[in-house]
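Structural overview for review
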Amino acid sequence: MAQWTSAMGAAQLARLLNSQQDRPAGPGTRRPPAYRALADGIRLLVLEGRVPVAARLPAERELALALSVSRTTVAAAYEALRTEGFLESRRGAGSWTSVPAGNPLPARGLEPLPPEALGSVIDLGCAALPAPEPWLTRAVHGALEELPPYAHTHGDYPAGLPALRAMIAERYTLRGIPTMPEQIMVTTGAMGAIDAICHLFAGRGERVAVESPSYANILQLMREAGARLVPVAMADGLSGWDMDRWRQVLRDAAPRLAYVVADFHNPTGALADDDQRRRLVDAARSAGTVLVADETMTELWLDDDVDMPRPVCGFDPAGSTVITVGSASKAFWAGMRIGWVRAAPDVIRSLVAARAYADLGTPVLEQLAVNWLFSTGGWEQAVDIRRAQARENRDALVAALRRELPDWEFEVPKGGLTLWVRTGGLSGSRLAEMGERVGVRVPSGPRFGVDGAFEGYVRLPFTVGGAVAEEAAVRLAAAARLVENGVTGGGGESPRTFVA
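Keep in mind that this is a model prediction, so the values were computed, not measured. (Residues numbered from 1 in each chain as written. Predicted model: local features only at pLDDT ≥ 70, side-chain atom pairs only at ≥ 80, totals over all residues. Heavy atoms only, no water.)

For the rest of this paragraph, the subject is the overall build of the chain. Across its full length, the chain carries 16 helices and 15 strands. Out of the 500 residues belonging to the chain, those deemed buried represent 55%. Of the accessible surface of the chain, which amounts to about 21,100 Å², a share of 53% is contributed by carbon and sulfur atoms. (Helix = DSSP H or I, 4+ residues; strand = E, 2+ residues; numbered from the N terminus. Buried < 20%, exposed > 50% of the residue type's maximum accessible area, 1.4 Å probe, protein only. Areas by Shrake-Rupley, 256 points an atom, 1.4 Å probe, with all protein chains shown as cover.)

Okay, structure coming up:
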């Protein structure tokens, strides 16, 4: 790395480091020297992507003051990081983060493992399931039959195929939310939808209120767009939003945007009720905040006793406050990169106009496949398969965790794809690091928070079941033992190959 490309302030780095709290050491457990603990903390932040590679670190004296430690401690930690390849320095230019030769760059989001790695590592990083066959194959065949007329056109549909826009609008209308095709834009997944909304409404430096915790990839998207994230703590357990906190933040911070997942929240699994939705829309309208409601999990209720609330946009009849985002990726298949925006027609026109400078449009064949699913009833049958998979996986994972890790705490959600787990006082970041070494990949809690929050959590998706879920819990327990024993750095247990 030739030089640094961003800078990390002493106060910001201190906040991130101070969030890394471990369980108190047991009898006979040796604490590492202060410089070693500091070096390990910075290394973990780099490996998780919370401190970028090529970020200039604060001077030794500045960081020592921020952490209330000696300058000698910081100097020794920096030297250890240089020796290990996680820091480079040049006189007059300071010190900046790096990764050792041969190591992959850390992922900023939750990218799935490549298929060739799945034989030795259980991937609990990505909350996505295999396609619900035979419906993927049938949808593609149906799309190919509908393709010829479109092949004689230019193929660019910035707002989406008219047939699919009409179908999505009809589905909202059937849910009790009258919708015209002019209120729909088809996007490349929900991420593409939210990226477009952020660019239209929240320029660099604008405040965006987000649930705390919230979906890691969306948080990172907003950070890289230059947004100033304003976290709003979730209520305890699965009860959804804390409306007093939301009202205060919207009133005092006056954010330009607010982003929420009301239906089986990612990562907690919470389901907001009708009253919470109504009150949040009212508070956003009063504050002049545009409320982005992410509905990607809305069809993934897993228990028969779930009574789904009215969509968030149903409490905004004028259409001036709520923008809704949907997607086929969670309910159907992550490889089907089709999402959509429902908003007022003038907002849709603005989003479509801005798209000329982004991705131009969404692939026609995939739009035709989703339209085939919607129009034939195949969608409902495919989602039934998805619910059955997720329910079975959830129950297997819950049973395995309760057996192998009885000190870990969580509530079982009635839908969605994720468990939000308190790790009995262990550092989620260190569990993620040790998990890689024993063959289970798991994202730590701070990925889902702002400024290092949720160090004592991990997110576990319902992506594996049966014997694989049992093995995942065994490996997580092995990772927990390594953390409890203070293991750091290289070495340790080797991942065991699991044959499904």
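Okay, empty space enclosed by the protein next. Enumeration according to the criterion identifies one cavity of 30 Å³ or more in this entry. The calculated volume of the largest cavity comes to roughly 30 Å³. In terms of lining, the largest cavity is formed by Ala 127, Ala 128, Leu 129, Ser 329, Lys 330, Ala 334, Arg 386 and Leu 417. Of the residues contributing to the lining of the largest cavity, the split by class is five nonpolar, one polar and two charged. (1 Å grid on protein atoms, 1.4 Å probe; cavity = no way out; pocket = protein on both sides within 12 Å on 5 of 7 lines; lining within 4 Å. Points joined across faces, edges and corners; volume = space filled by probe spheres on them. Nonpolar A, V, L, I, M, F, W, Y, C, P; charged D, E, K, R; others polar.)

Take the nonpolar core next. Trp 241, Trp 246, Leu 291 and Phe 332 are the most contacted members of the largest nonpolar core, which has 55 residues in total. The element best represented in this core is helix H13 (residues 364–376), accounting for six residues. (Core = buried A, V, L, I, M, F, W, Y, C linked by side-chain atoms within 4.5 Å.)

Our focus in this paragraph is the confidence of the model for the chain. Averaged over all residues, the pLDDT of the chain is 88; the fraction at 70 or higher stands at 90%. Ignoring residues within four places in sequence, the model shows residues 23–27, a span with pLDDT below 50, making eight contacts including any to other chains. (pLDDT = per-residue confidence, 0-100. Contact = heavy atoms within 4.5 Å.)

Their axes nearest at 8 Å, the elements helix H3 (residues 60–67) and helix H4 (residues 71–84) cross at an angle of 120°. In terms of orientation, H3 and H4 fall into the oblique class. The two elements H3 and H4 meet at a crossing, and its hand is right-handed. On H4, the residues touching Glu 60, Arg 61, Leu 63 and Ala 64 of H3 are Arg 71, Val 74, Ala 75 and Tyr 78. Looking at the contact of H3 with H4 residue by residue, the class counts come to five nonpolar, no polar and three charged. (Axes fitted to C-alpha atoms, helices over the stretch in contact; angles between N-to-C directions. Parallel < 35°, antiparallel > 145°, perpendicular 65-115°, else oblique. Left-handed = near helix turned anticlockwise from the far one by under 90°.)

Moving on: the pairing of strand E4 (residues 94–97). Relative to E4, strand E3 (residues 87–90) runs antiparallel, the two being bridged by four bridges. Bridge pairing in E4 links Arg 90 to Gly 94. Once E3 ends, the chain turns through three residues before running back antiparallel as E4, passing Gly 92 with a positive phi of about 90°. (Pairing = 2+ DSSP bridges.)

A few words now on the pattern of salt bridges. In the structure shown here, the tally under the stated rule is 26 salt bridges. As a salt-bridge pair, Glu 409 and Arg 422 come within 3.8 Å of each other at their nearest N and O atoms. Pair noted here: Glu 409 is in the loop between helix H14 (378–404) and strand E13 (418–422) and Arg 422 is in strand E13, with a separation of 13 residues, a long-range link. By relative accessible area, Glu 409 is classed as partly exposed at 47%. Residue class for Arg 422 comes out partly exposed when judged on its relative accessible area of 41%. Counted as one network, the salt bridges with shared partners bring together Arg 36, Asp 40, Arg 43, Glu 84 and Glu 433. (Salt bridge = Lys/Arg side-chain N within 4 Å of Asp/Glu carboxyl O.)

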